Amino acid sequence: MKNFKKTFRWLKYTLSILLLALVCVGTVELVVCSYQSPELYQRITAPVRAGLQRAAEFNQYIWSRLSTAVTIAADNAAVQLQNSWEELMTRLEPDPETEPAEDIQLVDSEEVAPPPRPIASFSITTLICRNSQEYLTGGARELFYYNQTADLWAEGLYGTDSISGYGCGPTAMAMVVSTLTGTPIDPVQMSQHCVDNGYWARRQGSYRTIVQGVAEDFGLVCESLSLEDQDDISRRLATGQLVVALMGPGHFTNGGHFIVLRGVTLDGSILVADPASSDRSLTTWELDLILEELSASRHSGGPLWAVSAPF
């Protein structure tokens, strides 16, 4: 057995040496042949060179396809990553508005303080209905009146919120625009306009830009009023201008609420149009009390804006 193993190793070494010798001899002969007979050398080596060329071309093809696939995959991954990043940043970014909606304009579930005066007499102001449209009388002009809690509008949407809960802003501006332009626009239509133009604040009501923005959208003039000049406020109301007021906690709301000041009586009391209460709309109010209960916010010219038709 040992002799067999020795013999096998001897044969293996011998064959290896012979193969190496053949390779060396063949290499030398090829080198000599390349000098002595280039044509013969070309014929002998042509199959080898052709095979190597095909192998190189195949490798280049595979590498090209692989590179293309990797590039496409990388591009797709980059696009998906960019889209995911933009979606994440969109979710994290605050609303694009430049001012906050601090006072949540939600119709109160709890009763607010009742008006300090009873409903005014018919001779001072009343609510009339003509051709299915309600109007408030008593000011320098009849005012289109809309109530956001009325069946016609209550279930309408203000963005993803209800008009009955959060739509005091568009309802107030629907009254102002309808009255000053003479063309009716109801709370549902105005709510959609406000959503389309960026005045809606989700679960908060409306941005304060709603007053100036809607007025300009419908060709009206809007001015911010000083809270110190009561005579100017009364004069504007007496001449037919409407004043939009953003109220804070008090007799009109426990949070935030847009109302319209629509006129002044002979004794200097103020007539209002409250989008959430016909009773408060038929009561006369002291201007001092209204100014005292205005929202503390001073964004976008608020909390008191005079709106009028252009001359």
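Here goes a summary of the coordinates provided. What you are looking at is a predicted structure, and each value in this text was computed from that prediction instead of being measured. (Residues numbered from 1 in each chain as written. Predicted model: local features only at pLDDT ≥ 70, side-chain atom pairs only at ≥ 80, totals over all residues. Heavy atoms only, no water.)

## Quick word on the overall build of the chain
Counting secondary structure elements, the chain contains 10 helices and 13 strands. When burial is assessed residue by residue, the chain has 38% of its 311 residues classed as buried. Accessible area of the chain: about 18,200 Å², with a carbon and sulfur share of 58%. (Helix = DSSP H or I, 4+ residues; strand = E, 2+ residues; numbered from the N terminus. Buried < 20%, exposed > 50% of the residue type's maximum accessible area, 1.4 Å probe, protein only. Areas by Shrake-Rupley, 256 points an atom, 1.4 Å probe, with all protein chains shown as cover.)

## Some points on the packing of helix α5 (residues 168-181) against helix α7 (residues 209-217)
Two numbers describe how α5 lies on α7: the axes approach to 10 Å, and their chain directions differ by 35°. At the point where α5 passes α7, the crossing takes the right-handed sense. Contact residues: α5 offers Gly169, Pro170, Met173 and Val177, while α7 offers Ile210, Val211, Val214 and Ala215. Tallied by class, the residues present in the contact of α5 with α7 amount to seven nonpolar, one polar and no charged. (Axes fitted to C-alpha atoms, helices over the stretch in contact; angles between N-to-C directions. Left-handed = near helix turned anticlockwise from the far one by under 90°. Contact = heavy atoms within 4.5 Å. Nonpolar A, V, L, I, M, F, W, Y, C, P; charged D, E, K, R; others polar.)

## Some remarks on the layout of surface pockets
In this structure, the largest pocket spans a volume of roughly 260 Å³. If you trace the largest pocket, you find 18 residues lining it, with Asp108, Glu111, Val112, Ser277 and Arg280 closest to the centre. Grouping the amino acids of the lining of the largest pocket by side-chain chemistry returns eight nonpolar, five polar and five charged. (1 Å grid on protein atoms, 1.4 Å probe; cavity = no way out; pocket = protein on both sides within 12 Å on 5 of 7 lines; lining within 4 Å. Points joined across faces, edges and corners; volume = space filled by probe spheres on them.)

## Comments concerning the sheet that holds strand β1 (residues 127-130)
Read from one edge to the other, the open sheet built from three strands follows the order β1-β2-β3, with strand pairing classed as antiparallel. Whereas interior strands pair on both sides, the edge strands pair on one side only; in this sheet they are β1 and β3 (143-144). Pairing analysis gives four bridges linking β1 to strand β2 (residues 133-136), with the strands arranged antiparallel. Considered in β2, the bridge of Ile128 is made with Tyr135. (Pairing = 2+ DSSP bridges.)

## Comments concerning the side chain of Gln241
Residue placement: Gln241 occurs in the loop between α8 (230-238) and β9 (242-247). Here Gln241 is in contact with Arg236, Ala306, Val307 and Ser308, once residues within four sequence places are set aside.

## Looking at the environment of Phe218
Looking at the element boundaries, Phe218 is found in the loop between α7 and β8 (221-224). With 37 residues separating them along the chain, Phe218 and Thr181 place their C-alpha atoms 8.1 Å apart. Excluding residues within four positions of it along the chain, Phe218 makes contact with Val177, Thr181, Ile185, Met190 and His193.

## Observations concerning the pattern of salt bridges
Using the criterion set out here, one finds seven salt bridges in the structure. The closest approach of N and O atoms between Asp161 and Arg203, which form a salt bridge, is 3.6 Å. Highlighted residues: Asp161 in strand β5 (residues 161-162) and Arg203 in the loop between β6 (200-201) and β7 (205-206), separated in sequence by 42 residues. According to the relative accessible area criterion, Asp161 is buried, its value standing at 2%. Asp274 serves as the salt-bridge partner of Arg280, at 2.6 Å between the closest nitrogen and oxygen. For Arg280, a relative accessible area of 13% puts it in the buried group. Sharing partners across several salt bridges, the network here consists of Glu223, Asp232, Arg235 and Arg236. (Salt bridge = Lys/Arg side-chain N within 4 Å of Asp/Glu carboxyl O.)

## Side note on helix α6 (residues 187-196)
Turning to α6, its buried residues are Pro187, Met190, Ser191, His193 and Cys194. Around the axis of α6, the buried residues are gathered within 160° of arc, so they sit on the same side. As for α6, its buried residues are in contact with α3 (151-154), β4 (157-158), α4 (163-166), α5, β6 and α7. The N-cap of α6, judged by a side-chain oxygen 2.9 Å from the amide nitrogen of Val188 a few residues on, is Asp186. In the segment just after α6, Gly198 is the residue with positive phi, at about 80°. (Arc of directions from axis to C-beta. Polar contact = N/O pair within 3.5 Å; in protein donor to acceptor, adjacent residues only side chain to side chain.)

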